[in-house]
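Observations on the model geometry
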Amino acid sequence: MTLWSVLGAGVVGLAVATELVARGAQVQVFDPSGAPGPHGCSWWAGGMLAPWCEFENAEEPVLRLGQEAIGWWEEKTKLQRRGTLVVSSRRDLPDLRRFARRTEGFREVGTEIADLEPGLHGFAKGLFFDAEAHLDPRNALKDLYDGLLDKGVIFHKKLAPLQLKNAIDCRGLLARDVLYDLRGVKGEMLVIRCPDVTLTRPVRLLHPRIPLYIVPRGDGVYMLGATMIESEDSSRITARSMLELLSAAYALNPAFGEAEVLEIGVDLRPAFPDNLPRIRRLGRTIYANGLYRHGYLLAPALARGVADLALNNTHSEMVDEDRA
């Protein structure tokens, strides 16, 4: 049996390894950082499986392929199917109407907002995307990792050997040594604790400068994000971003003003020029990369495409035909 070597143990590498193993392949994984953790971009994700919301500013494949992610993840980890609520302040209602024109899969809500999320204050109109879901990215990574260990996959805490046969490169931004059109897009996020506020589903607040999303992680803990900055400086969060993220949370509920900041995360999302993922076969290596802000949403489709190419030589729409 052919042994496939996956490079990288982030969400893409683990999803690809999981899909290969499910199809009967023998797999090993190389990552010098070891098990998933804060060193990886996918550690800092929001974990929203929100293809209809993301369609507001994304291409059609994100909507179509992203819808397949909820069922895939539901078989691998715990997720919440409670939908997504999108709101705006009264002065920003034109942004809410614009959001509605650019997407689908929602119903308009008014007084129902208070029933859906009593912890929100002062929002008269919104959009409810009831088919969307969310997960805890860190638990999801651990569940994929543990599942692969249970299936006998060996994880090597080191760089992969050079000239490795049957390799699948899922190293994210580190793959720029080969994928020259890959760039990093800076994202900043906060993890906060505020037991005085109870939200049960992701909430997006439309804002002219920085659209905010807040994702409940349980026990009064929330992930607050996220900026998208065309910069590759991942050394620190900016004062402006910190202020705007916290100010937006305060707008959702003034009690967030007393929240405890538990973590500050800054990392770079790997992206190609059109912000869509790519699968490329260069020599003896398959490259899977470029998930941009859609890591957990598109990782299952990317993993299936890689497995189709590796095991059946079948080209999905994500295969870059010009370079494969």
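Anything mentioned here points back to the structure above.
Everything numeric here is computed off the predicted structure, so don't read it as measured data.

1. Side note on the environment of G147
Positionally, G147 belongs in helix 7 (residues 137-150). With relative accessibility at 30%, the residue G147 sits in the partly exposed group. In sequence terms G147 and E74 are 73 residues apart; their C-alpha atoms lie 14 Å from each other.

2. A closer look at the packing of aromatic side chains
One pass over the full model with this rule turns up 6 aromatic pairs. On the numbers, 4.5 Å between centres and 50° between planes, the contact of Y145 with F155 is tilted. Here Y145, found in helix 7, pairs with F155, found in strand 9 (residues 154-156); they are 10 residues apart in sequence, far enough to count as distant. Assigned by exposure class, Y145 and F155 land together as buried. Ring-pair connections join several aromatic residues into one group, and the members of that group are W72, W73 and Y296.

3. Topic: the packing of helix 1 (residues 11-22) against helix 9 (residues 295-312)
Close contact between helix 1 and helix 9 brings their axes to 8 Å; oriented N to C, the two are set at 45°. Relative to helix 9, the element helix 1 lies oblique. The hand of the helix 1/helix 9 crossing is right-handed. Contacts from V11, V12, A15, V16, E19 and L20 of helix 1 reach helix 9 at G295, Y296, A299, L302, A303, R304, V306, A307, A310 and L311. When the residues that make up the contact of helix 1 with helix 9 are grouped by side-chain class, the tally is 13 nonpolar, 1 polar and 2 charged.

4. Details of the packing of helix 1 against helix 7
Between helix 1 and helix 7, the shortest axis-to-axis distance is 10 Å and the interhelical angle comes to 40°. In terms of orientation, helix 1 lies oblique with respect to helix 7. In the crossing of helix 1 with helix 7, the sense of the turn from one axis to the other is left-handed. Across the interface between the two elements, V11, L14, A15, A17, T18 and V21 from helix 1 touch L141, L144, Y145 and L148 from helix 7. A per-class count over the contact of helix 1 with helix 7 returns 9 nonpolar, 1 polar and no charged.

5. Points about the pairing of strand 12 (residues 203-206)
Residues V203 and L205 line one face of strand 12 and the alternating positions R204 and L206 line the opposite face, and both faces are buried. When strand 5 (residues 84-88) meets strand 12, the two strands line up parallel, connected through 4 bridges. Paired with V87 across the strands is L205, a residue of strand 12. Direction of pairing for strand 12 relative to strand 13 (residues 212-218): antiparallel, over a ladder of 3 bridges. Within the sheet, the bridge partner assigned to R204 lies in strand 13 and is Y213.

6. Some thoughts on a positive patch on the surface
Taken together, the side chains of R90, R97, R101 and K125 make up a positively charged region of the molecular surface. For R101, the location among the structural elements is in helix 5 (residues 93-101). A residue is classified by how much of its surface remains accessible, and R101, at 63% relative accessible area, is exposed.

7. Overview of the side chain of T103
Following the sequence through the fold, T103 ends up in the loop between helix 5 and strand 6 (107-109). Take T103: its relative accessible area is 9%, and that puts it in the buried class. Here W52 takes part through its backbone oxygen, which lies 2.2 Å from a polar atom of the side chain of T103.

8. Some points on the sheet that holds strand 12
An order of 6-7-5-12-13-14-11-15 is seen for the 8 strands of this open sheet, with the pairing classed as mixed. Two strands lie at the open edges of the sheet, namely strand 6 and strand 15 (260-271), each paired on one side alone. If you compare each strand with its neighbour and ignore which way they point, the axes differ by 25° on average.

9. As for the environment of R64
Its location among the elements puts R64 in helix 3 (residues 60-66). In this structure, the C-alpha to C-alpha distance between R64 and W52, residues 12 residues apart in sequence, is 9.0 Å. In terms of polar contacts, R64 uses its side chain to reach the side chain of E317, at 2.7 Å.

10. Description of the nonpolar core
V16, L20, V27, W73 and I168 are the most contacted members of the largest nonpolar core, which has 75 residues in total. By residue number, the principal contributor to this core is helix 9, which donates 11 residues. Not counting chain neighbours up to four residues away, the residues in contact with V27 comprise L3, W4, V6, A17, L20, V21, V153 and I154. Grouped together as the second largest cluster of nonpolar side chains are 26 residues, C194, L199, V203 and F256 included.

11. Notes on the side chain of H134
When you line up the elements, H134 lands in strand 8 (residues 133-135). Each residue touching H134, except ones within four places of it in the same chain, is listed here: G47, M48, L49, L79, Q80, T200, R201, P202, V215 and P216.

12. Remarks on a nonpolar patch on the surface
Taken together, the side chains of L246, V261 and I264 present a nonpolar region at the surface, about 210 Å² in accessible area. Locating L246 in the fold gives a position in helix 8 (residues 239-252). For L246, a relative accessible area of 30% gives the class partly exposed.

Analysis parameters
Each chain has its residues counted from 1, following the order in which its sequence is written. Reporting in this predicted model follows two pLDDT cut-offs: at least 70 for local features of residues, and 80 or more for side-chain atom pairs to be given and counted; totals over whole chains, interfaces and linings ignore these cut-offs and use all residues. In computing side-chain values, all of the structure's heavy atoms are included and hydrogens and water are not. Helical segments are the DSSP runs of H or I of at least four residues, strand segments are the runs of E of at least two, and each set is numbered from the N terminus. Residue exposure (1.4 Å probe, protein chains only): buried if accessible area is under 20% of the type maximum, exposed if over 50%, otherwise partly exposed. Working definition: rings of Phe, Tyr and Trp (its six-membered ring) pair if their centres are within 6.5 Å, and the pair is stacked with planes under 30 degrees apart, edge-to-face with planes over 60 apart, and tilted otherwise. Fitted lines through C-alpha atoms serve as axes, helices being fitted only where they are in contact, and the angles separating the N-to-C directions of these axes extend from 0 to 180 degrees. Throughout this description, any angle smaller than 35 degrees is read as roughly parallel, any larger than 145 degrees as roughly antiparallel, any in the 65 to 115 degree range as roughly perpendicular, and the remainder as oblique. Helix crossings fall into two classes, left-handed where the near helix is turned counterclockwise from the far one by less than a right angle and right-handed where it is turned clockwise. By the convention used here, residues are in contact when the closest approach between their heavy atoms is within 4.5 Å. Charged means Asp, Glu, Lys or Arg here, nonpolar means Ala, Val, Leu, Ile, Met, Phe, Trp, Tyr, Cys or Pro, and polar covers whatever is left, Gly included. DSSP calls a pair of strands paired once it identifies at least 2 bridges connecting them. Patch membership requires over 30% relative accessible area and the absence of a salt bridge. Like charges are linked within 9 Å, and nonpolar side chains (Val, Leu, Ile, Met, Phe, Trp, Tyr) within 5 Å. Calculation of accessible area relied on Shrake-Rupley with a 1.4 Å probe; when residues are assessed, cover is drawn exclusively from the protein chains displayed. Salt bridge, as used here: a side-chain nitrogen of Lys or Arg that lies within 4 Å of a carboxyl oxygen of Asp or Glu. All tallies of charge rest on Lys and Arg as positive and Asp and Glu as negative; His and the ends of each chain are not included. In this description, the location of a charge corresponds to atom NZ of lysine, CZ of arginine, CG of aspartate or CD of glutamate. Polar contact criterion, stated in full: a pair of N or O atoms within 3.5 Å, where within protein one must be able to donate a hydrogen and the other to accept it, and residues adjacent in sequence count only if both atoms are side-chain atoms. By convention a nonpolar core is built from buried Ala, Val, Leu, Ile, Met, Phe, Trp, Tyr and Cys residues, the set being connected through side-chain atoms within 4.5 Å.

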